[in-house]
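Working through the structure, step by step
Given next are the chains, with one letter for each unit.
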Amino acid sequence: MKKSIASVLLYAVMAALAFSAPAPARGTPAKTDYQATRQYYDSLIAGPSPNLAALTLLMTMMPKGGDLHHHYAGAIYVETFLDWIKQKAYCIYRADNSELKAIRFRVETKPGGLSPAARALCLDVDQVRDPSDEVFYRELLSRWSDKDYKNHFHQQVAPDQHFFDTFGYFGSFSDDDYNQGLRQLKVRAVAENVQYIETMLRSAPAPDNPALSRAVNDLPADASPARIEAALAPLYEFLTRDEATAKGVADYLGSVDAGDFRMRFQAYVVRSEQPAKVFAGLYSAFAAVNARRRVVAVNIVGPEDGIVSMRDYSLHMRMFAFLKHKHPDVRLSLHAGELTLGMVPPEGLQSHIREAVEVAGADRIGHGADIVYERDAVGLLRTMRERGVAVEINLTSNAFILGVKNEAHPVQVYRQQGVPFVISTDDPGVSRNNLSAEYVLYTSRYKPSYDGLKETVFNSIRYSFLSEAEKAAELKVLTQRFTAFEARGRELAAGASTRQK
Ligand SMILES: [Zn+2]
């Protein structure tokens, strides 16, 4: 008996020696995996020039929980779109020609119907990818995404315009095959240790009723809440009874039922549409969430500084309030405050986030970039903290579209004021980025403590729109992944300190 205890002890000591990092100095207790990883992380972000290469390695390895602000079409890389165009035998115009209705870089989805002259202007993907002439291919990459934008080699439009224009190139076919796209996003997510994506897959169907729509479309900008309610109510009643609407929602749900990956969807409307269309789309989006399948929330998207977006912003928030009153359980994540000084007059920066939170009842805010310009921003920040309204921070996107970056980014204010936030990608295909790189930006610029960083990662599950049981399961997985990550982090740190000469 004694002998076997001794041998067990001996084995334990040998095992501990075999698996431990280099022996600590005499008298200091061995560091845990967590402590070693934390210390290594601190060393990488220290000083005025953080070790970006090693930080990229660490952030790629690190479990990142979920990506909660993610547009499906904007997440697909151009190279993948070209694969799809080839599969479908579509072609891409190589030059402008108004007579032949050819627009350079536009996709033709019906090449069979083209005249010989138009067909000659339209390149097959193999021609686009001809290695002996990469000029057109490289320019296409830069038109369909933000690639090389800063090098200014193509004709410049404003960055926000360029960004939103990219969707015009792939919008006609990006919805063709969700399963293929979602499979690829899943593979990419797994490769960078992401376990969950909540994506804005496609806009909700918006059935029309011209007679009832007119009352909504004709609402003046300063309409009272009572008048707005009076215009919306008959259209709402119509939509609840309309069979075509019910079928549209059922078809929509069928199209977004994807595989077994932990992926959930947000239905959305586009804020630049006519008011009645926005409302009908919101109705369908709420109905899709109420079906309690994979569509978990409603969003509103599109450039927020557009003429219609600015004019109808308050009306849109009233529409959300109207529907939220009837369906209080439907969760909302709203793009709000994706603006900055100079894009619109200062008055346009004073109330969007507040209206999203207080009128619409948003559970999460997308971007929230103009918070520092809001009226009574301190009071609003307090409300968001107390209600647990999390902000989805998209650093690359904000830098490109708004020019808001580095010390000017309000993520620091949210952090100081205790408002929960998550790090997300927005449109990683257009930005040619990934979630790990967003974390590299976040950690190198703002230097959160390791514990604070972990808190932010855990927020991406806590503030997701999964059910409580699903969240508990995902949080458990995330905790296990961090245990494994920190063991590897300790090895990495030990190797780095031994080899550094
Ligand atoms: Zn977005």
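Everything numeric in this text was worked out from a predicted model, so none of it was measured.

This next bit is on the confidence of the model for the protein. Looking at the protein as a whole, the pLDDT averages 90, with 92% of positions reaching at least 70. Scored below 50 in pLDDT, residues 1-24 shows 9 contacts in the model against residues more than four places distant or in partner chains.

This part takes up the domain arrangement of the protein. Here the protein is partitioned into domain 1 (79-170) and domain 2 (178-480). Considered class by class, the residues forming the side of domain 1 that touches domain 2 number 3 nonpolar, 3 polar and 3 charged.

Our next topic: the pairing of strand E5 (residues 196-203). For E5, a buried count of 6 out of 8 residues is recorded, marking the element as mostly surrounded by other parts of the structure. Taken together, the 4 bridges between strand E1 (residues 66-71) and E5 define a ladder with parallel strand orientation. Counted as the bridge partner of Gly-66 is Tyr-196 from E5. As paired elements, E5 and strand E6 (residues 263-270) share 5 bridges and run parallel to each other. Bridge pairing in E6 links Met-200 to Gln-266.

Under the 1.5 Å per step criterion, the end-to-end length of helix H13 (residues 243-255) is 18 Å for 13 residues, consistent within 8% with the ideal 18 Å. Buried residues belonging to H13 abut helix H12 (225-241) and helix H14 (275-290).

Right, let's get into the sheet that holds strand E3 (residues 107-108). Strand order in this open sheet of 3 strands is E3-E2-E4, and the pairing throughout is antiparallel. Edge positions in the open sheet fall to E3 and strand E4 (122-123), since each of these has one partner strand only. Relative to E4, strand E2 (residues 91-93) runs antiparallel, the two being bridged by 2 bridges. Considered in E4, the bridge of Tyr-93 is made with Cys-122.

This part takes up the packing of H12 against H14. Direction vectors running N to C along H12 and H14 enclose 45°, while the axes themselves pass 11 Å from each other. Classified by the interaxial angle, the pair formed by H12 and H14 is oblique. In this structure, H12 crosses over H14, and the sense of that crossing is right-handed. Contact with H12, carried on its side by Leu-232, Leu-235, Tyr-236 and Leu-239, involves Ala-276, Phe-279, Ala-280 and Tyr-283 of H14 and no other residues of that element. Of the residues in the contact of H12 with H14, the class split is 8 nonpolar, no polar and no charged.

Before going further, it helps to spend a moment on the packing of H14 against helix H15 (residues 307-326). At a minimum axis distance of 10 Å, the contact between H14 and H15 shows a crossing angle of 30°. The orientation of H14 with respect to H15, classified from their angle, is roughly parallel. Considering the relative orientation of H14 and H15, their crossing is right-handed. Residues Pro-275, Val-278, Phe-279, Leu-282, Tyr-283 and Phe-286 of H14 touch H15, and the partners they reach there are Asp-312, Leu-315, His-316, Met-319, Phe-320 and Leu-323.

Looking now at the nonpolar core. Core analysis: the biggest nonpolar cluster contains 113 residues, and Phe-279, Leu-282, Ala-285, Val-289 and Val-298 have the highest contact counts within it. Three or more residues apiece are contributed to this core by two domains, here domain 1 (79-170) and domain 2 (178-480). Listed in part, the 10 residues of the second largest apolar core include Leu-339, Ile-401, Leu-402 and Val-404.

Cut-offs used in this document
- Residues numbered from 1 in each chain as written.
- Predicted model: local features only at pLDDT ≥ 70, side-chain atom pairs only at ≥ 80, totals over all residues.
- pLDDT = per-residue confidence, 0-100.
- Contact = placed C-beta atoms within 7 Å.
- Domains from an automatic or database assignment.
- Nonpolar A, V, L, I, M, F, W, Y, C, P; charged D, E, K, R; others polar.
- Buried ≥ 20, exposed ≤ 12 C-beta atoms within 10 Å, placed from the backbone.
- Helix = DSSP H or I, 4+ residues; strand = E, 2+ residues; numbered from the N terminus.
- Pairing = 2+ DSSP bridges.
- Expected span 1.5 Å × (residues − 1).
- Axes fitted to C-alpha atoms, helices over the stretch in contact; angles between N-to-C directions.
- Parallel < 35°, antiparallel > 145°, perpendicular 65-115°, else oblique.
- Left-handed = near helix turned anticlockwise from the far one by under 90°.
- Core = buried A, V, L, I, M, F, W, Y, C linked by C-beta atoms within 7 Å.

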